Amino acid sequence: MSHTLLIWLVGGVLLVGAGLATTLLPRWRERGQEHRTAWSTARAAIDSATVSRDAAATRVPEAEQLLARAELIAAGRGGASAARAAAEHAREADGLWRTNQ
């Protein structure tokens, strides 16, 4: 194998590698950012629902079940879709407690 062919081969591999890196790296960063944002939103919703539960004058069993479900999902540390589900359960529980005050 001549040196010229080897140089072209290495150059091609580097070019393909650079193309893959420039394509995949932003996607990985975006996915990580989405994951962190979703979990931050879920934790905030759970905290808000907990405050509403503590401030409620009466017990609301359905809201307590929703909050427990949200906390269970949060304990499992799933992906962004799990965080969105936990946030939705917590928001529903928060809404139930706020309407029953």
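Whatever comes next refers back to the structure up there.
The structure contained in this document is the topic of the report that follows.

Definitions and limits used
- Residues numbered from 1 in each chain as written.
- Predicted model: local features only at pLDDT ≥ 70, side-chain atom pairs only at ≥ 80, totals over all residues.
- Heavy atoms only, no water.
- Patch = residues over 30% accessible without salt bridge, like charges linked within 9 Å, V, L, I, M, F, W, Y side chains within 5 Å.
- Areas by Shrake-Rupley, 256 points an atom, 1.4 Å probe, with all protein chains shown as cover.
- Salt bridge = Lys/Arg side-chain N within 4 Å of Asp/Glu carboxyl O.
- Helix = DSSP H or I, 4+ residues; strand = E, 2+ residues; numbered from the N terminus.
- Buried < 20%, exposed > 50% of the residue type's maximum accessible area, 1.4 Å probe, protein only.
- Axes fitted to C-alpha atoms, helices over the stretch in contact; angles between N-to-C directions.
- Parallel < 35°, antiparallel > 145°, perpendicular 65-115°, else oblique.
- Left-handed = near helix turned anticlockwise from the far one by under 90°.
- Contact = heavy atoms within 4.5 Å.

On the surface, L6, L9, V10, V13 and L14 cluster together into a nonpolar patch covering about 470 Å² of accessible area. Note that L14 resides in helix α1 (residues 3-55). Assessed through its relative accessible area of 58%, L14 is described here as exposed.

Looking now at the packing of α1 against helix α3 (residues 80-99). Close contact between α1 and α3 brings their axes to 8 Å; oriented N to C, the two are set at 20°. With respect to their mutual orientation, α1 and α3 come out roughly parallel. The way α1 lies across α3 gives a crossing that is left-handed. Every residue of α3 that contacts α1 at E34, H35, A38, W39, T41, A42, A45, I46, S48, A49, S52 and R53 is listed here: A80, A82, A83, R84, A86, A87, A90, R91, D94, W97 and R98.

With a phi close to 50°, R77 is a non-glycine residue in the positive phi region. Looking at the element boundaries, R77 is found in the loop between α2 (61-76) and α3.

We now examine the pattern of salt bridges. Side chains that differ in charge, positive against negative, can pair when their charged atoms come close. The tally for this structure, following the rule as stated, stands at five salt bridges. Measuring nitrogen to oxygen at the nearest pair gives 3.2 Å for the salt bridge that ties E34 to R84. Remark: R84 occurs in helix α3 and E34 occurs in helix α1; sequence separation between them is 50 residues. We note a salt bridge from D54 to R53, for which the minimum N-O separation is 3.3 Å.

These figures capture arrangement, not role.
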